Amino acid sequence: MPSELNLDYSLLAPEFCLGGLAALVIALDLFVPGFRKGWLPYVTAAGLLAIMGMSLGWTDVDSDFAGLLYIDKYTLFFRVFFTATAAAVALLSAQLVKERLRHPGEYYALLVLSTIGAIYMAAARELLTAYISLELLSFSLYVLVSYAKFDAKSNEGGMKYMLLGAFASALFLYGLSLIYGGAGSTFYDDIAAAYSNGTDAYDLGLLMGLALVLAGLGFKVAAVPFHMWTPDAYEGAPLPITGYLSATSKAAGFALLLRLFSGAFMPVLDDWQWMIASLAAITMVLGNLVALQQHNIKRLLAYSSIGQVGYMLMALAALSADTAGALLFHMAGYVITNMAAFTCVIAWSNLTGKEEIRDYRGMAVRAPLLAAVFTAALFSLSGMPLFAGFFTKFILFQAVAQEGFLWLSVIAVIMSMVSLYYYLMVIKELYISEPEEPDLVRVPALLNGLAVALVAGVFYVGIYPRHLYEAAQEATKLLF
Amino acid sequence: MQSGYVLLATIAVPLFAALALVFVPARMANVVRIIAVVAGFALFGLSLYIFFAYQVGDGDQYQFQMRWNWIENTGFLGERGITLHLGIDGIAAPMVLLTGIVTFAGTLISWKIDYRNRDFFILFMLLVAGVFGVFVSLDLFFWFFFYELAVLPMYLLIGVWGASSTFPTFSRTKEYSALKLTMYLVAASVPIFVGIFAVFVEADIGTFDLVSLHEAQYDPNFQKVVFPLFVIGCGVLAGLWPFHTWSPDGHVAAPTAVSMLHAGVLMKLGAFGIIRLGMQLLPVGAEFWMPMLITLGTINVIYGAISATAQTDFKYMVGYSSVSHMGYVLMGLATMNPIGVNGAVLQMFSHGVMTALMFAMVGALYDQAHVRQMSVFGGLAQRMPRFVTFFAIAGLASLGLPGLSGFVAEFNVFVGTFQTYPALGALGILGAAITAVYILRMLALAFFGPPNERWADLKEMTTLETVGGAILIAFMLLMGVFPSPFVDRIAESVLQIPGVG
């Protein structure tokens, strides 16, 4: 608790560096004459990767930052996770930003800033710190989603995202105020202590507060029924940002949820478990069933990612040290896989400018490597073996079943089967349909390299993920 | 004690062959073929070694065991967590041999594939790795891992290299068949997955190790609830009526080598799963549900045989005959007595070799003639004597002619069935009689009689096809005249299944 104010600021060095990197990127763009703007993504990615390496040596659980932030293994896990994702997104953006968007400096700076928000969402152990981090991430994303400002769809998506996002923030804040009113503190530890000292009475304020917090965060992670913005924002946003939304924005939401519910709300487990369990069930079912009817690849991936959120929520409903570890493990596998899929979608969109599923016909003839990577990613998303999805889903579903939520696991398994159907529809276009033009297309080496690196990650998680699994378990062990 | 690394090699060889093929440029078609055939030959050799090095009367239930800790000591997974635990018993040994034989024959017969043959063999090798993996895994996680791996490549194998069928009133496109097969099999894995969760939680020993799980105690009511999950899940793959309809469509649309492997070996995975997961894990549940299974199995036999009689297309006839023959496997398993289960496992091997040969022969004919209607042929015996001989041997094994493998297997199944359910045994024999009708009718219609001038330029099958077919026939004869290597291995392990005997 806020006992001493002599804080160890050096713990935050990675985030200071991220802030510095954002400033550097803008400065390079604005003030250095003759700086080739094409270099910006590489500067950003290199900076992010350097900070990722640096953050590996930066944990100290003793200093708790007056109870606001914990720089423990959990934070470390997400630091590495988010900086790596942002670096991949920066590289993926290179061609698109150069050719179609203006002001590259701000684009990359916002990307870096949003990463800081995401990391502190994982690190926060105090409600307002968590809220401010959430807003830092969200505001960056509002701008990034509508970055293609001469494109009507991007504007529409950005507008919907911002309005609904503001609404969700308001709900979240109201929920926080109710919780604060009941518990008398905004620190997770104090809240937990307050609740464990007796909430025998039926507490409407608590229930309302929990429901509002869940609604607000449910919006951020795109859980049904708060998912309405997702398909539009995904479709309108520049493609790399769509990938970013499906990766970091979701993972950060879950990082916050996990820390919050395990840290503050464990004593009132019975009050919220059913809420999250039902959210998980409808999210899985609706996301996967609606995905069946999509014909735009971005919308398909949007709904499929909603389905994935359902699987992750399931772990939250059956919250325990085991499921939390399994959740991180699954999230890592999912993000790697999804980035691999988006690499292919981005490369194809750069080359052909098309985004309908039927425009992918004959990709196996025209860009064999990308088609193979895309297929691997789609099989992984549906949970087939050799790829990440099988291993992580098996562990996740098993952990959930172990905690007594067998019925949720059963729904999840059935929905995984449903998801295979719509992924197969894409794979059919890739391999079985005849190509529009028979000639080979030239994919830039950068994208090919990134695709291969990501698919290697997919195979690593799918075959021998021992170290990742141990890291995930280590990270979550101290949450409880 | 034999080394378990031989079993690991049966999984590693196809996986590494697939990996090697990724790095071969697609235009070097012959290099691709050579890698595939060498891998196939290596697997054939390995499986022969494994089969004959398996020691009868050794006393151990599982031989060639090896363990490799995959993920341990963390979270809800107990000390042993997920372990790559390999090992075979006398039931898995002939199945490994079968897989080796059919894989090798399949790679030989696929030599003539021209269209993107590298991609074909990569997927084919993944399929083979999955099949071997299921037979040799003694850990539920890996068992299921390989089970799904065997389903994974099917969609593309059928969709890209398969063939559509057109009938006068309707057609079955290859996309339709590929999707149907894949969705059926993935849907079938849902109950298996759920059953695995349930067993893991109920046993509560924090391991997926099958041997430990076999020893755990399960509540009788739990067993009665979970057993059908395994039987339905695995039964779909075994062609259990009424979930069999993917099988004829899928096997007809698939390219030859894939039909061979799928009908010959993959359907056995289903039956094998019923033994490993169902009977060995949940004996009380098995006891309770077996009357149901034997009824369905008998329907399989009769229904499959009658459907086969109605077919005009060679490949569909073979497809339905598989449904019928898998019925004998299910009947044998459901008798729960040593001789019946013994017969079921023999039938798994026998049908595997025989149906692989039939699909190979149908493929050899179709590649030249591009039609599969039996009625348009006639008198092929004079143009393609070798081909017709091979086909006829497969047909005669199918109808249970003594001296060939089918007789030994079906005889055991019938004896077993008569011991427990005499009426159903009689129906089973009726099924064999119907089999004779459609096989002999096909032989008469297409192969004998006056030669049809339309087919004057059909050539005899190629050397590679002959070699592949001859290997399959050799094992049909071996089992037919000298079944004791098989029976010794199988009988010993069958008696160790709880509830049998």
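Preceding this section is the structure that the text describes.
Residues numbered from 1 in each chain as written. Chains lettered and ligands numbered in written order. Predicted model: local features only at pLDDT ≥ 70, side-chain atom pairs only at ≥ 80, totals over all residues.

J.: I would appreciate a short explanation of the overall build of chain B in the present structure.
T.: The helix and strand tally for chain B stands at 20 helices and 4 strands. In terms of overall dimensions, chain B is globule-like: its C-alpha atoms have a radius of gyration of 21 Å, near the 23 Å expected for 501 residues. Out of the 501 residues belonging to chain B, those deemed buried represent 62%. Summarising the internal contacts of chain B: among those between residues at least 6 apart in sequence, 82% fall at separations of at least 24. (Helix = DSSP H or I, 4+ residues; strand = E, 2+ residues; numbered from the N terminus. Rg over C-alpha atoms; globule rule 2.2 N^0.38 Å. Buried ≥ 20, exposed ≤ 12 C-beta atoms within 10 Å, placed from the backbone. Contact = placed C-beta atoms within 7 Å.)

J.: I'm lost on the overall build of chain A in this one. Help?
T.: A count of helices and strands for chain A gives 19 helices and 0 strands. Relative to the 2.2 N^0.38 estimate, which gives 23 Å for 480 residues, the radius of gyration of chain A is 21 Å and therefore close to what a compact globule would have. Looking at chain A as a whole, 61% of its 480 residues qualify as buried. If you take every contact in chain A between residues at least 6 apart in sequence, the share linking residues at least 24 apart comes to 81%.

J.: What should I look at first to understand the interface of chain B and chain A in this one?
T.: Interface size is often expressed as the accessible area that is lost when the parts come together. In this assembly, 27 residues from chain B lie in contact with 31 residues from chain A. Among the elements of the structure, strand E1 (63-71), helix H5 (140-151), helix H6 (154-161) and helix H7 (174-203) of chain B are those that each provide at least two residues to the side of chain B that touches chain A. Here the element with the most residues in the side of chain B that touches chain A is H7(B); it accounts for 13 residues. Partitioned by chemical class, the residues of the side of chain B that touches chain A number 21 nonpolar, 4 polar and 2 charged. (Nonpolar A, V, L, I, M, F, W, Y, C, P; charged D, E, K, R; others polar.)

J.: Sorry, what's going on with helix H9 (residues 220-237) of chain B here?
T.: Note that an α-helix has 3.6 residues per turn; residues three or four places apart therefore point the same way. Residues and elements named next belong to chain B. For H9, which comprises 18 residues, the first-to-last C-alpha distance of 26 Å matches the rise-based estimate of 26 Å (1.5 Å per residue) to within 8%. Its axis deflected by about 25 degrees at Val226, H9 carries its strongest bend there, up to four residues before the proline Pro228. For H9, every residue scored as buried is listed here: Gln223, Val226, Phe227, Leu229, Phe230, Val231, Gly233, Cys234, Gly235, Val236 and Leu237. Turning to H9, the residues buried within the fold contact H7, helix H11 (256-279) and helix H12 (283-310). One or two steps after H9, the chain reaches Gly239, where phi turns positive at roughly 80 degrees. (Expected span 1.5 Å × (residues − 1). Bend = angle between axes of the 7 residues up to and from the residue.)

J.: What should I look at first to understand unusual backbone geometry in this one?
T.: Among all residues except glycine, the phi angle is most often negative; among peptide bonds, the trans geometry is most common. The peptide bond linking A:Val224 to A:Pro225 adopts the cis configuration, its omega dihedral lying at 5 degrees. Along the chain, A:Pro225 falls in the loop between helix H8 (204-221) and helix H9 (229-236). For the bond from B:Trp241 to B:Pro242, the omega torsion is 5 degrees, close enough to zero to count as cis. With respect to the helices and strands, the residue B:Pro242 is situated in the loop between H9 and helix H10 (246-253). With a phi close to 65 degrees, A:Ala222 is a non-glycine residue in the positive phi region. The backbone of B:Met336 shows a phi angle near 60 degrees, a positive value even though the residue is not glycine. Residue placement: B:Met336 occurs in the loop between helix H13 (314-335) and helix H14 (338-369).

J.: Can you walk me through helix H2 (residues 40-55) of chain A in this structure?
T.: Residues and elements named next belong to chain A. In this model, H2 (16 residues) spans 22 Å end to end at C-alpha, consistent with the 22 Å of a helix rising 1.5 Å per residue. Those residues of H2 lying buried are Leu40, Pro41, Thr44, Ala45, Gly47, Leu48, Ile51 and Ser55. Angularly, the buried residues of H2 cover 160 degrees about the axis, an arc narrow enough to put them on a single face. At its buried positions, H2 is contacted by helix H1 (13-31), helix H3 (73-100) and helix H4 (104-123). (Arc of directions from axis to C-beta.)

J.: Explain the packing of H13(B) against H14(B) to me, please; I cannot follow it from the model alone.
T.: Packed helices, taken two at a time, are described by the angle their axes make and the gap between the axes. All names here are of chain B. In contact at an axis separation of 8 Å, H13 and H14 are set at 170 degrees when each is read in the N-to-C sense. Our classification of the angle between H13 and H14 gives roughly antiparallel. Across the interface between the two elements, Phe314, Lys315, Val318, Ser322, His325, Met326, Tyr328, Val329, Gly332, Leu333 and Thr335 from H13 touch Gly340, Val341, Gly343, Ala344, Gln347, Met348, His351, Thr355, Met358, Phe359 and Val362 from H14. Here the residues of the contact of H13 with H14 are counted per class, giving 12 nonpolar, 9 polar and 1 charged. (Axes fitted to C-alpha atoms, helices over the stretch in contact; angles between N-to-C directions. Parallel < 35°, antiparallel > 145°, perpendicular 65-115°, else oblique.)

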